[in-house]
2 protein chains.
Amino acid sequence: MSIRVVVIGAVALGPKAASRCKRLLPDAEVVLIDQGSRISYGGCGIPYFVSGEVNRVEELQSTPYGAIRDADFFKSHKGVTAMTRTRCTAVNPAAKTVTVENVDDGAVSTIGYDKLVLATGSSPNRPPIPGIELEGIGPATNLDEAEAIRAEAASGKINNAVVVGGGFIGLELAVALGDMWGIPAAVVELTDQILPNFLSGTLARMAAKDLTDNGVSVYTAESVQRFEGENGRVTKVVTNKREIPADLVIMAAGVRPNSRLAKDAGLVVTDRGLIVVNEKMETSDPDIYAGGDCVTITNQVTGKPGWYPLGSMANRQGRVIGSNIAGGDERFPGAVGSWGVKLFEQNAAGAGLTLESALREGFDAVKAHVEQIDKAHFYPEKNLMVLELVVDAASRRVLGIQGMCADGNALAARVNAVAPLLSRGALVEDISNLEVLYSPPFAAAMDIVNVAGNVADNILGKRLNPMSQEEFERRWAARADKKDFFVDARVARDAAPMLDKYPDDWHSIPQDQIAERLDEIPKDKEVVLVCNTGLRSFEAQLNLDAAGRKDARSVMGGISSAKRLGIDI
Amino acid sequence: MSIRVVVIGAVALGPKAASRCKRLLPDAEVVLIDQGSRISYGGCGIPYFVSGEVNRVEELQSTPYGAIRDADFFKSHKGVTAMTRTRCTAVNPAAKTVTVENVDDGAVSTIGYDKLVLATGSSPNRPPIPGIELEGIGPATNLDEAEAIRAEAASGKINNAVVVGGGFIGLELAVALGDMWGIPAAVVELTDQILPNFLSGTLARMAAKDLTDNGVSVYTAESVQRFEGENGRVTKVVTNKREIPADLVIMAAGVRPNSRLAKDAGLVVTDRGLIVVNEKMETSDPDIYAGGDCVTITNQVTGKPGWYPLGSMANRQGRVIGSNIAGGDERFPGAVGSWGVKLFEQNAAGAGLTLESALREGFDAVKAHVEQIDKAHFYPEKNLMVLELVVDAASRRVLGIQGMCADGNALAARVNAVAPLLSRGALVEDISNLEVLYSPPFAAAMDIVNVAGNVADNILGKRLNPMSQEEFERRWAARADKKDFFVDARVARDAAPMLDKYPDDWHSIPQDQIAERLDEIPKDKEVVLVCNTGLRSFEAQLNLDAAGRKDARSVMGGISSAKRLGIDI
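Residues numbered from 1 in each chain as written. Chains lettered and ligands numbered in written order. Predicted model: local features only at pLDDT ≥ 70, side-chain atom pairs only at ≥ 80, totals over all residues.

A word on the overall build of chain A
Scanning chain A from N- to C-terminus turns up 16 helices and 31 strands. Here the C-alpha atoms of chain A give a radius of gyration of 27 Å, agreeing with the 25 Å that 2.2 N^0.38 yields for 569 residues. On the principal axes, the C-alpha backbone points of chain A span a range of 90 × 60 × 45 Å. In chain A, which comprises 569 residues, the proportion classed as buried is 58%. (Helix = DSSP H or I, 4+ residues; strand = E, 2+ residues; numbered from the N terminus. Rg over C-alpha atoms; globule rule 2.2 N^0.38 Å. Buried ≥ 20, exposed ≤ 12 C-beta atoms within 10 Å, placed from the backbone.)

Next comes the structure, spelled out in structure tokens:
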């Protein structure tokens, strides 16, 4: 079958779809069109190039064996014709043509297609903030921008950077500037937390503490009012709450799908500007495929349309498109939204819904917050990990998992294990019995991910009466009111420092003594039980329950999570 | 409900079942019986105690917060009565009693139960090899044995150790002796590979190379004929192939279930000696539960009875038993057999069936063998990982995954992601589209696990014409016959060293030149295509296919896997 396949966009999905299609249909003519000079690059690697961890920008454009993926490469290695610096200005589905314009000389031409792929991706939001046109302000989404920022960072002239937006790219860039160049960045985020929709408020605060502990200022629930400058270059960011000196501003306030071509061509596009595709990645015109950042695919947790602008999605979808153009019948059923981000000392990762997003979606959602060592506790190299498992109380269905750990791969080993279950209707008990690989250097015999299931089960079964860290913080801050009685369920030795610091408000009753020391707990106060991670405080609560003292609550995550949050204890 | 629950065996499952049951039924009397002095210990930690990585043996008996789990602990913290040094000699299901004997004074007594839990575990095989009674020969499965071996290792008097058995415990102990004490061990394994049934022959050879590269001798397909000694202490191990000097011999020739009590009580026990339980972990007597190393549970890949003697299984099953005794209705549906083991520089892990075990089970099994970097290739800290995905050609069902990597957690992140799918009928395309979390420090945009799915898909679709490493090795060894034409599809620079070494037999034709250099490939020879990892050799094979040269085959895993195997190139 000798057909012509035209692919618009050559960053991630485009090259993959083109290569796969050509591999399966050696006789096809495959044309890859992009307005940029550099194609097929790993945009996700930009923060690591900015930091200097990736030495040369060419590494982001290279194959694992070091060949630069330019137009010559696609011709010689893949048999694909790449037209760079060529902008597609219109798609004519009736005539099955695209109109393209040479970026350099403005020459316009028309190219016919049998099958078309829209891999137009997304563009950074550029909010209309006064002063945004000043020099030193811009996004970091393509290689030219990345080179400019790296050059500025390396110049030694940047003393204060501001990142507008506390999403993945914003945080990665703040870490890159701080960790490798020693440039203190301030992150300004419009919503009340970093990584909104990806982390619960609790975990987001833990992530923010990792940033602030390492010199990054994090300002949430704060909006940029204007940028000010001198001699045409930015010097200051003015928010609704403060003025922040800045000689470099990176705009990372999200991205928007590039779907104008699709919309103008009459394809079905959502109000949010996302191209609608079916599981075969076909648009409303069966001769036109689309995928990557510019389309909506099913959120497999909610069943609703979702949006997953992520390089890995684009690659996998590109393969499906390439196969289907070649006569295949492959499906891309949707996503649950797995993600990971490396911060300074900690890594955060997750999949599916957070507690807050699940509640917003109408689920009767509850979260189990657990903290535990990521290996057998006796194994020498280990880290504490925190996990939050989000479940629907009514159906016991698992809706999401998020967490943090100093060991990013150990965290990925848990999140990746739960992610495939989120689209398969798994219940709490599937997590309790989840078979993660065990051996002391890899996991605990009762692994943290199983414990997260067990804790959720104990909450739903009303055995565990949990208290969130935030409520503990509120009650502890109000301890002068003497409404609560704080009991440290750890051994006396471990409780001693808190007891010394707060002799009037903190009480030490080790869990194994709680039944016999019941009379030390005033009947007119509510009992707040705390231990290192929440395990012994749960046991203590059960002991109190059995003794008829039913009001006790166990603080999930214990002192370990309180420290991660920076709670004032 | 005030009932009496008796639990026989107090290492892993017993304490868990007892504690969970008591937690849910505070009024129950829960009695935990064990013939040993020390209970509730992490037997899986023994190799790390032997090595010295775990400093004190008490750490294996402690909670994460440092409390020793002895009888006093179970009484004070859990409300469970533990009877140590007490052997159960008989179960009488009709009378609902157990007969126990005090190990020290021989006193016999009878204890009634409402519910009984058999957590009798397993014992090391002690094959009747002449000389096995010599001093210095024994297993390493309990803490006393572990202390004795550690003391001998630390004494400086052990110069040569032999480990009989190349399973998990045997390898972990060989690593422990070599890595931390510098004692060269020899592993003698009866079957033709280490980790039989857990790794393919290919991966087992890679694992063995990691051992031999680090001073451990690995003798497979070799049986111990006798032990010889002097003054009552072992000095030599005589196999059917050699004599090995030995002043310490660790018997790690597998374990057998302890099911005599169950059998004598008339419970249903398989021919292999495994107690039969249903998904609620009830034996054939509904008042008697059993779990852990002494029971058979369903192999969720084959649907047949399986056996998973592993601490993590015991812990999870113990919780199910405890809940069910307390009136719950929890299920333990079976297992797919996830595992991991840390060697010297490499880690191995897997889940489900290997190629060989799948073929033996009657599947039309095929494996995709892939090697790729575990992170974005431009990310600075990274390792090559090898994965083998085992699939059924007829149904496209995924049967298993195994692999090796220097980063154990990175490997776990892939194996754990696939494991939950093995019991859920997942197909090859579910692996191609598997959503592992992505960001350059965690994974590649087209991650190795997805690539494993893609390679399996290309094999099943007859696009990839694969050659195994073993066949490549055979053909390369027979290169003097001039039947094959070996083509290096890498860039000329990378192929140069091989070309210098083998100017007559090795040929360099970079993949992008293969179509135009077709006439360099003799028509009367078969074409063997090789590159670094198998990606470019596949592309080259497709290029040859398109050019009408249909006999070319691509070596899976390329030079990287050949090096892991120690193939003579």
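Concerning the relation of the copies chain A and chain B
Once turned by 180° and shifted 0.0 Å along the axis, chain A lies on chain B with an RMSD of 0.0 Å. Both copies are brought into coincidence by an operation consistent with a two-fold rotation axis. Across chain A, the rotation axis passes nearest the C-alpha of Ala413 of chain A, at a separation of 1.8 Å. (Least-squares fit on C-alpha atoms with pLDDT ≥ 70 in both.)

Details of the environment of Asp505 of chain A
Residue and element names in this part refer to chain A. With respect to the helices, strands and loops of the structure, Asp505 is situated in the loop between helix H14 (492-501) and strand E29 (506-508). With 15 C-beta atoms packed within 10 Å, Asp505 lands in the partly exposed category. Put simply, Asp505 and Pro441 are 64 residues apart on the chain and 40 Å apart in space, counted from C-alpha to C-alpha. If we skip the residues at most four places from it in the chain, Asp505 touches Arg479 and Phe486. (Contact = placed C-beta atoms within 7 Å.)

Comments concerning the sheet that holds strand E25 (residues 384-392) of chain B
All names here are of chain B. Pairing is antiparallel in the open sheet, where 5 strands are placed in the order E22-E23-E26-E25-E24. Single-partner strands in this sheet number two, and they are strand E22 (339-342) and strand E24 (365-373). The sheet shows a mean angle of 10° between the axes of neighbouring strands, direction not considered. Summarising the sheet, strand E23 (residues 347-352) and strand E26 (residues 398-405) pair through 6 bridges and their orientation is antiparallel. Bridged to Gly352 within E26 is Gly400. (Pairing = 2+ DSSP bridges. Axes fitted to C-alpha atoms, helices over the stretch in contact; angles between N-to-C directions.)

Points about the domain arrangement of chain A
Taken domain by domain, chain A consists of domain 1 (4-121 + 256-325), domain 2 (137-253), domain 3 (346-460) and domain 4 (466-565). One C-alpha centre belongs to domain 1 of chain A, the other to domain 3 of chain A, and the line joining them spans 35 Å. (Domains from an automatic or database assignment.)

Section: the pairing of strand E16 (residues 248-251) of chain A
Residues and elements named next belong to chain A. On E16, burial covers both faces: Leu248 and Ile250 on one face and Val249 and Met251 on the other are all buried. As paired elements, strand E10 (residues 161-164) and E16 share 4 bridges and run parallel to each other. Residue pairing across strands places Val162 opposite Val249, the latter belonging to E16.

Some words on the sheet that holds strand E1 (residues 4-8) of chain A
Residues and elements named next belong to chain A. The parallel open sheet is built from 5 strands, whose spatial order is E3-E2-E1-E7-E19. Each edge of the sheet is formed by a strand with only one pairing partner; in this case those strands are strand E3 (81-83) and strand E19 (288-290). In this sheet, adjacent strand axes meet at a mean angle of 20° when their direction is disregarded. By the bridge criterion, 3 bridges tie strand E2 (residues 29-33) to E3 in an arrangement that is parallel. Along E3, the bridge assignment pairs Ile33 with Met83.

Regarding unusual backbone geometry
Residue and element names in this part refer to chain A. Its identity as a non-glycine residue notwithstanding, Arg85 has a phi of 50°, on the positive side. Inspection of the secondary structure assignment puts Arg85 in the loop between E3 and strand E4 (86-92). The backbone phi angle of Ala221 is positive, close to 50°, even though this residue is not glycine. You can call Ala221 exposed: it has 12 C-beta atoms within 10 Å.

Notes on the interface of chain A and chain B
The partner chain B presents 74 residues to the 75 residues of chain A that form the contact. Of all the secondary structure elements, the ones that give two or more residues to the side of chain A that touches chain B are helix H3 (71-78), helix H8 (311-325), strand E22 (339-342), strand E23 (347-352), helix H10 (408-422), helix H11 (428-432), helix H12 (448-460) and helix H15 (535-546) of chain A. At 11 residues, H10 of chain A tops the list of elements feeding residues into the side of chain A that touches chain B. Class assignment for the residues of the side of chain A that touches chain B results in 40 nonpolar, 20 polar and 15 charged. (Nonpolar A, V, L, I, M, F, W, Y, C, P; charged D, E, K, R; others polar.)

A short note on helix H1 (residues 13-24) of chain B
If you check H1 of chain B, its first and last C-alpha atoms are 17 Å apart, about what 12 residues at 1.5 Å a residue would give, namely 16 Å. With 11 of 12 residues buried, H1 of chain B is to be regarded as a mostly interior element. Three or more residues of H1 of chain B are buried, namely Leu13, Gly14, Pro15, Lys16, Ala17, Ala18, Ser19, Arg20, Cys21, Lys22 and Arg23 of chain B. The inward-facing, buried residues of H1 of chain B abut H15 of chain A together with strand E1 (4-8), strand E2 (29-33), helix H3 (71-78), strand E7 (115-118) and helix H8 (311-325) of chain B. (Expected span 1.5 Å × (residues − 1).)

Some points on the nonpolar core
With 398 residues, the main nonpolar core has Val187 and Ala207 of chain A together with Val187 and Ala207 of chain B as its most contacted residues. Aside from chain neighbours lying at most four places away, what touches Ala207 of chain B is Ile194, Leu195, Leu199, Leu343, Gln346, Ala348 and Met404 of chain B. (Core = buried A, V, L, I, M, F, W, Y, C linked by C-beta atoms within 7 Å.)

Here we look at H3 of chain B
Residues and elements named next belong to chain B. Of the residues making up H3, those classed as buried are Phe73, Phe74, His77 and Lys78. Take H3 and look down its axis: the buried residues cluster within an arc of 95°, on one side only. Once H3 finishes, Gly79 follows within two positions and takes phi at roughly 70°, a positive value. (Arc of directions from axis to C-beta.)

Considering the environment of Ala204 of chain B
Residues and elements named next belong to chain B. The residue Ala204 is located in helix H6 (residues 201-212) in this model. Each C-alpha atom, one on Ala204 and one on Val451, is 22 Å from the other, the two residues being 247 residues apart in sequence. In this structure Ala204 touches Gln193, Ile194, Leu195 and Leu199, once residues within four positions along its chain are discounted.

Re the packing of H10 of chain A against helix H10 (residues 408-422) of chain B
For any two helices packed against each other, one specifies the crossing angle of their axes together with the interaxial distance. Relative to each other, H10 of chain A and H10 of chain B sit at 10°, their axes nearing to 8 Å. As judged from the angle between their axes, H10 of chain A and H10 of chain B are roughly parallel. Pair H10 of chain A / H10 of chain B crosses with right-handed handedness. Contacts from Asn409, Ala410, Ala412, Ala413, Asn416, Ala417, Ala419, Pro420 and Leu421 of chain A of H10 of chain A reach H10 of chain B at Asn409, Ala410, Ala412, Ala413, Asn416, Ala417, Ala419, Pro420 and Leu421 of chain B. By residue class, the composition of the contact of H10 of chain A with H10 of chain B is 14 nonpolar, 4 polar and no charged. (Parallel < 35°, antiparallel > 145°, perpendicular 65-115°, else oblique. Left-handed = near helix turned anticlockwise from the far one by under 90°.)

Section: the pairing of E2 of chain B
Residues and elements named next belong to chain B. Within E2, 4 of the 5 residues are buried, leaving the element largely enclosed by the surrounding structure. Sheet topology places E1 next to E2; 5 bridges connect them, and they run parallel. What sits directly across from Arg4, in E2, is Glu29. With H1 bridging E1 and the parallel E2, this β-α-β connection has right-handed handedness. (Right-handed = clockwise from strand over helix to strand, strands pointing away.)

Here's the deal with the environment of Met180 of chain B
All names here are of chain B. Relative to the helices and strands, Met180 resides in helix H5 (residues 168-181). Here Met180 falls in the partly exposed class, since 17 other C-beta atoms lie within 10 Å of it. Through-space distance from the C-alpha of Met180 to that of Ala153 is 9.6 Å; in sequence the pair is 27 residues apart. Aside from chain neighbours lying at most four places away, what touches Met180 is Ser51, Gly52 and Glu53.

Side note on the confidence of the model for chain A
Looking at chain A as a whole, its pLDDT mean stands at 97, while 100% of the residues score no less than 70. At the level of chain-chain contacts, confidence expressed as ipTM amounts to 0.97, with global pTM at 0.97. (pLDDT = per-residue confidence, 0-100.)

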